[in-house]
Amino acid sequence: MFLTTVITQKCKNMEKLELILPYIMTTVILILITVIIFRLFNYILQRRILDAGPLDEHAVKFLAAGASTGMENLKWGMLLLFGGAGLLILPYLPVEMDKSPIPYGVEAIALSLGFISYYLVSRKIKN
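Residues numbered from 1 in each chain as written. Predicted model: local features only at pLDDT ≥ 70, side-chain atom pairs only at ≥ 80, totals over all residues. Heavy atoms only, no water.

**Student:** Tell me what's going on with the packing of helix H3 (residues 71-89) against helix H4 (residues 102-126), and back it up with residues and numbers.
**Tutor:** In contact at an axis separation of 8 Å, H3 and H4 are set at 150° when each is read in the N-to-C sense. When the axes of H3 and H4 are compared, the pair comes out roughly antiparallel. Considering how the two elements wind past one another, H3 and H4 form a crossing that is right-handed. Residues Met71, Leu74, Lys75, Met78, Leu79, Phe82, Gly83, Gly86, Leu87 and Ile89 of H3 form the contact with H4, whose own contacting residues are Val106, Glu107, Ala110, Leu111, Leu113, Gly114, Phe115, Ser117, Tyr118, Val121, Ser122 and Ile125. Partitioning the contact of H3 with H4 into residue classes produces 15 nonpolar, five polar and two charged. (Axes fitted to C-alpha atoms, helices over the stretch in contact; angles between N-to-C directions. Helix = DSSP H or I, 4+ residues; strand = E, 2+ residues; numbered from the N terminus. Parallel < 35°, antiparallel > 145°, perpendicular 65-115°, else oblique. Left-handed = near helix turned anticlockwise from the far one by under 90°. Contact = heavy atoms within 4.5 Å. Nonpolar A, V, L, I, M, F, W, Y, C, P; charged D, E, K, R; others polar.)

Listed below in C-alpha cells is the structure:
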C-alpha cells in the first residue's frame, strides 16, 4: 500500500516537473550567460587598467577588490551541493508534496547546512 502511494506521488511530481523544466533550464542558461559576460567584461576592464601605465592608489584598490580568493566560488558551490542534496531527499519523504510544508523545511535545512559548512571551511582556511 505504501509503495503504490509513493509511486503514484512520484508520477504526479514527474508530470509537474516536465511542465516546469523548460523554464528552469532557460533561467539557468540565461544566468550562466550573464555571469560569463560579467566576468569577461571585468577581466577586460582590469587588463585595460593594467595596460594603461602606472597605477595610482584608486586603481590598485579597484584591482584588489576585483581579485577573488575563490571563497565566493566555494560558497556558491557548497550552497548548490547542499541544495541539490535537499532536492534529492524530497521524493523519498512520505508526505504529499503539494499539501505539506515539510519539503520547504527540508530544503531550508539543507541550505542552512550548506551555509554552516561554508562558514566552517572558510574559517579553517583563513586560520
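**Student:** Any chance you could break down H3 for me, citing the residues and the numbers?
**Tutor:** For H3, with 19 residues, the first-to-last C-alpha span of 27 Å sits near the 27 Å given by 1.5 Å per residue. Met71, Lys75, Met78, Leu79, Gly83 and Gly86 are the residues of H3 that are buried. Considered in projection along H3, the buried side chains sweep an arc of 125° and stay on one side of the axis. The exposed set on the far side of H3, more than 90 degrees from its buried face, consists of Leu80, Leu81, Leu87 and Leu88. (Expected span 1.5 Å × (residues − 1). Buried < 20%, exposed > 50% of the residue type's maximum accessible area, 1.4 Å probe, protein only. Arc of directions from axis to C-beta.)

**Student:** Run through the side chain of Glu107, naming residues and quoting values.
**Tutor:** Here Glu107 lies in helix H4. Using a relative accessible area of 16% as the deciding quantity, one classes Glu107 as buried. Polar contacts involving the side chain of Glu107 include one to the main-chain amide nitrogen of Leu87, which spans 3.2 Å. With near-sequence residues (within four places) excluded, Glu107 lies in contact with Gly83, Gly86, Leu87 and Leu90. (Polar contact = N/O pair within 3.5 Å; in protein donor to acceptor, adjacent residues only side chain to side chain.)

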